[in-house]
2 protein chains.
Amino acid sequence: MENFSFVNPVKIIFGKDTIQSLSKEIPAGSKVLITYGGGSIKRNGVYDQVVKALADFEWNEFSGIEANPHYETCMKAVQLIKEKNINYVLAVGGGSVIDATKFIVAAACFDGDDPWDILSKQATIKDALPFGTVLTISATGSEMNGGAVITKAETHDKLSFGSSKTYPKFSILDPEVTYSLPMKQVSNGVVDAFVHVVEQYVTYPVNAMIQDKFAEAILVTLITEGPKALETPENYDIRANLMWASTWALNGWIGCGVPEDWATHGIGHELTALYGLDHAQTLAIVLPGVLTVLKEQKAEKIIQFGEMVFGIYNNMSKEERINETINAVVNFFEEMQVKTRLSDYGLGQEAVNAVSNRIKERGWKLGEKENITADTVRQILTLRL
Amino acid sequence: MENFSFVNPVKIIFGKDTIQSLSKEIPAGSKVLITYGGGSIKRNGVYDQVVKALADFEWNEFSGIEANPHYETCMKAVQLIKEKNINYVLAVGGGSVIDATKFIVAAACFDGDDPWDILSKQATIKDALPFGTVLTISATGSEMNGGAVITKAETHDKLSFGSSKTYPKFSILDPEVTYSLPMKQVSNGVVDAFVHVVEQYVTYPVNAMIQDKFAEAILVTLITEGPKALETPENYDIRANLMWASTWALNGWIGCGVPEDWATHGIGHELTALYGLDHAQTLAIVLPGVLTVLKEQKAEKIIQFGEMVFGIYNNMSKEERINETINAVVNFFEEMQVKTRLSDYGLGQEAVNAVSNRIKERGWKLGEKENITADTVRQILTLRL
């Protein structure tokens with residue numbers, strides 16, 4: 001196990017009918033801004049529950065945060081915060097709304113020239129407004145970490161930042177609010193959480209038993225409960241297990257003391273930024289390519305992954321076990337109704353070229369060994385045509 | 001899954017040569033009290049590392065905290081804190097030193113008549129001094145929770161308390177400092193951690209997949225690495241896995257949203273208070289009795305426990321699988337060189353009578369269904385003669 005230092009200070013309030021409890025979590029007298037996306041929280045009753053819980057607070061709202069949230073949108077919220085002297089933010093939504101809110105609370109307190117530096121130059125976040133979340137989609141884990149991904153629409157830059165100042169103070173996870181999600185969002189959420197775990201698990205072994213077994217626990221939960229959620233949308237236990245699994249996939253604990261990859265995310269973000277694919281769609285395309293091209297470097301962990309998660313451990317050779325495991329990943333994504341090839345989304349060689357050129361421009365070397373260059377990305381994506 | 005609300009705010013600093021980092025965790029200008037037990041930290045070099053790291057601080061020390069720490073000892077430390085205007089405490093030791101320190105920091109700020117009320121009346125802890133820990137024994141998990149168990153020597157009362165105010169600010173976990181532990185403490189630590197997990201796992205099913213699988217992950221790690229630590233004391237990976245497993249056994253996360261038992265601890269504490277047995281020895285005696293007497297109530301989870309942790313899933317009947325699982329628990333404790341019967345410690349019927357009478361006096365009803373009365377305790381202990 002490698003050395004590490006970590007704390008996750010997010011209070012989790014989990015279960016049925018828990019939204020009302022947010023009134024006890026926000027300090028009395030706070031001037032609150034509710035941030036949210038489109039109108040879905042108005043249709044499914046979450047908005048009404050939140051407004052009722054905020055009866056004793058002065059509050060405003062900022063809606064219209066898009067998927068893969070835009071820097072430009074966030075800056076409008078920052079302006080509103082300054083105009084209204086807001087001092088507490090409540091994000092109501094999925095990963096996009098929560099990610100946007102993290103950037104908003106940091107940008108509202110940013111003392112440099114340009115808040116975009118938080119993303120482009122990894123400028124230090126010295127302070128941020130406090131915020132809580134009401135989670136409506138199980139997927140990104142943003143509800144229990146300090147990281148976010150923001151896109152500048154103007155330049156198609158999709159970049160991430162993370163800070164100890166941008167952890168939510170609390171997150172409310174009521175699995176019932178996910179019943180009404182479109183199936184596509186359920187599918188995407190399961191795939192996203194699955195790939196989060198793989199990025200922290202399928203690297204090289206460092207004999208970290210707790211981290212490995214926790215990763216396997218989350219992956220098994222996702223492959224067991226994910227398909228059931230598509231068949232039986234209104235089952236509390238299934239939704240609760242998926243919600244809790246997704247949170248654990250990226251709350252930081254399984255990544256402590258182990259190598260991490262994140263190449264699939266790095267490459268996937270470019271596909272979203274350039275072509276507008278859903279985040280999970282990009283992960284489903286890229287991950288099988290990363291595992292295939294890096295199969296020697298990752299051999300031991302791919303074999304462990306196959307055995308512990310998919311039950312692949314019979315008399316096959318190591319090579320066959322690796323290939324079977326990668327096939328099992330592809331089959332799981334397809335079972336979750338997320339397509340796994342560029343051509344499934346109408347993309348071809350031009351996408352391979354464009355993404356590998358962007359990686360080249362940035363000079364990125366990705367993966368746990370920092371050996372995935374623009375050329376490797378080209379190989380990876382060519383396999384996924 | 002049941003509803004829950006939880007946060008664990010402890011910062012973990014894990015790995016080789018990490019003790020030096022404590023100087024960055026304690027606020028500059030703090031007046032520090034180091035609390036510790038006997039002289040082992042002076043023999044194994046931990047004391048020297050701590051003193052070196054505290055070079056820039058004004059500090060005092062309080063030693064002599066015993067196993068199953070005494071209220072009377074803790075109150076002497078409280079007096080010292082007041083005399084010296086201490087405002088930060090650093091616990092250097094295992095669960096006993098850390099538990100004592102939690103009580104000390106709470107008692108130092110207690111505004112009632114008698115700090116013993118914190119234990120006897122569960123009086124609210126409104127404030128406590130901040131403290132950090134340097135862990136020297138993997139066992140209790142006290143380094144990452146807000147609970148403690150304290151004994152009043154005068155009356156043989158061994159009672160527990162817990163508060164959000166008594167979480168360590170940070171805990172430093174360097175597996176190398178455990179190399180020099182006597183084997184008995186390694187054995188006890190593994191058994192203690194094992195039973196912590198079982199108390200939160202072997203109850204009744206509520207379809208909480210993440211919690212169950214995390215519990216199984218910790219248990220498998222303990223049964224895999226525990227015996228190895230006895231054979232090969234100076235192996236970093238083994239000690240690191242055991243240390244991290246022990247912390248996770250009682251940092252609260254696996255108990256979120258599931259029923260909890262804690263009868264084995266309740267009964268075991270009485271055996272320690274009355275006869276001075278090591279905490280882990282009492283658990284090794286009591287747990288097999290609890291599982292046997294409660295085998296119908298716990299049937300589903302005992303079968304799951306047997307299958308997922310001990311690999312017991314062949315063509316046996318349910319009854320046989322339950323019995324085999326309980327046998328496997330006993331065998332594991334014995335393999336860890338912790339004896340499992342009252343008679344192994346020279347105790348007999350008088351201990352059965354004395355403990356069940358104490359449970360009766362207190363009017364306790366223990367276990368996840370609160371149905372373990374004094375009579376049930378008598379049955380449990382009679383099986384363990």
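Residue positions within a chain follow its written sequence, with the count starting from 1. Each chain is given a letter, starting from A, and each ligand a number, starting from 1, according to the order in which they appear as written. It should be noted that, the model being predicted, local features are given only for residues of pLDDT at least 70 and side-chain atom pairs only at 80 or more, the latter also being counted only at that level, while totals for whole chains, interfaces and linings use all residues. Only hydrogens and water are set aside when side-chain values are computed; all heavy atoms of the structure are taken into account.

A. Representation of the overall build of chain A within the structure. What chain A contains, in helices and strands, is 15 helices and 9 strands. Taking the principal axes of the C-alpha coordinates as reference, chain A spans close to 65 × 45 × 45 Å. Partly exposed residues are those whose accessible area sits between 20% and 50% of the maximum for their type, while under 20% is buried and over 50% is exposed, using a 1.4 Å probe and protein chains only. Put simply, chain A has 385 residues, and 61% of those count as buried. If you take every contact in chain A between residues at least 6 apart in sequence, the share linking residues at least 24 apart comes to 78%. Secondary structure counts use DSSP, requiring at least four H or I residues in a row for a helix and at least two E residues in a row for a strand, with both numbered from the N terminus. Any two residues whose heavy atoms approach within 4.5 Å are treated as being in contact.

B. Just the UniProt feature "domain: Alcohol dehydrogenase iron-type/glycerol dehydrogenase GldA" (unreviewed entry) in chain A, in detail. UniProt positions are given in the numbering used here, feature names are shortened, and annotations may be inferred rather than shown by experiment. Feature annotation in UniProt assigns "domain: Alcohol dehydrogenase iron-type/glycerol dehydrogenase GldA" (unreviewed entry) to the following positions: residues 9-175 of chain A. Within the segment residues 9-175 of chain A, helix and strand shares are 28% and 25% respectively, and the terminal C-alpha atoms sit 22 Å apart.

C. Structural context of the packing of aromatic side chains. All names here are of chain A. We call Phe, Tyr and Trp rings a pair once their centres come within 6.5 Å, taking the six-membered ring for Trp, and we label the pair stacked below 30 degrees between planes, edge-to-face above 60, and tilted otherwise. For the structure shown, the criterion picks out 40 aromatic pairs over all chains. The interplanar angle of 70° and the centroid separation of 5.1 Å between the aromatic rings of Y71 and W116 together place this pair among those described as edge-to-face. Taken together, the positions of Y71 in helix 4 (residues 71-84) and W116 in the loop between helix 5 (95-107) and helix 6 (117-120) put the pair 45 residues apart, joining distant regions of the chain. Both residues of the pair, Y71 and W116, count as buried. Ring geometry for Y201 and F305: centres 5.9 Å apart, planes at 90°, overall edge-to-face. Of the two residues, Y201 sits in helix 7 (residues 183-201) while F305 sits in helix 12 (residues 299-310), which places them 104 residues apart along the sequence. Summarising the burial analysis for this pair, Y201 and F305 share the class buried. Here, a charge over a ring is recorded when the distance from Lys NZ or Arg CZ to the ring centre is within 6 Å and its angle to the ring normal is within 35 degrees. Here the guanidinium or amino end of R362 rests over the ring plane of W364, the centre of that ring lying 4.9 Å away.

D. Summary view of the pattern of salt bridges. Residues and elements named next belong to chain B. By salt bridge we mean one thing: a side-chain nitrogen of Lys or Arg within 4 Å of a carboxyl oxygen of Asp or Glu. What the rule picks out here adds up to 30 salt bridges over all chains. One salt bridge in this structure joins D117 and K121, with 3.9 Å as the shortest N-O distance. Relative accessible area serves as the criterion here: at 16%, D117 is assigned to the buried category. Between D212 and K301 there is a salt bridge, with its nearest N and O atoms 3.1 Å apart. Taken together, the residues D212 in helix 8 (residues 209-231) and K301 in helix 12 (residues 299-310) connect sequence positions 89 residues apart. Overall, K301 belongs to the buried group, its relative accessible area being 3%.

E. Quick peek at the nonpolar core. To form a nonpolar core, buried Ala, Val, Leu, Ile, Met, Phe, Trp, Tyr and Cys residues must be joined to one another through side-chain atoms within 4.5 Å. Ranked by size, the top nonpolar core spans 198 residues in total, and within it F194(A) and F194(B) carry the most contacts. With sequence-adjacent residues up to four places away left out, F194(B) is seen in contact with L219(B), L222(B), I223(B), F305(B), F310(B), V329(B), F332(B) and F333(B).

F. Molecular detail of the side chain of N188(A). Tracing the backbone through its elements, the reader meets N188(A) in helix 7. Look past the residues within four positions of N188(A) in its chain and what remains in contact with it is D278(A), A280(A), Q281(A) and V338(A).

G. Structural context of the domain arrangement of chain A. Residues and elements named next belong to chain A. Either an automatic procedure or a domain database provided the assignment from which the domain bounds are taken. Taken domain by domain, chain A comprises domain 1 (11-177) and domain 2 (183-383). For domain 1 versus domain 2, the separation of C-alpha centres amounts to 27 Å. With 24 residues of domain 1 at the interface, the matching set in domain 2 holds 23 residues. The interface formed by domain 1 and domain 2 includes 1 salt bridge. The salt bridge involving R362 is made with D157; its shortest N-O contact spans 3.0 Å. Distance and chemistry together define a polar contact, namely a pair of N or O atoms within 3.5 Å, with one atom able to donate a hydrogen and the other to accept it when in protein, and with adjacent residues in sequence counting only for side-chain atoms on both sides. One can count 6 residue pairs in polar contact (both at pLDDT 80 or more) joining domain 1 with domain 2. Among the secondary structure elements, those contributing two or more residues to the side of domain 1 that touches domain 2 are strand 2 (11-14) and strand 8 (157-162). Take the side of domain 1 that touches domain 2: its biggest share by element is 3 residues, from strand 8. Taken together, the residues of the side of domain 1 that touches domain 2 break down into 10 nonpolar, 8 polar and 6 charged. Residues are grouped as follows: Ala, Val, Leu, Ile, Met, Phe, Trp, Tyr, Cys and Pro are nonpolar; Asp, Glu, Lys and Arg are charged; all remaining types, including Gly, are polar.

H. Spotlight on the UniProt feature "domain: Fe-containing alcohol dehydrogenase-like C-terminal" (unreviewed entry) in chain A. As annotated in UniProt, the feature "domain: Fe-containing alcohol dehydrogenase-like C-terminal" (unreviewed entry) corresponds to residues 189-382 of chain A in the numbering used here. Span residues 189-382 of chain A is 68% helix and 0% strand, its end C-alpha atoms 26 Å apart.

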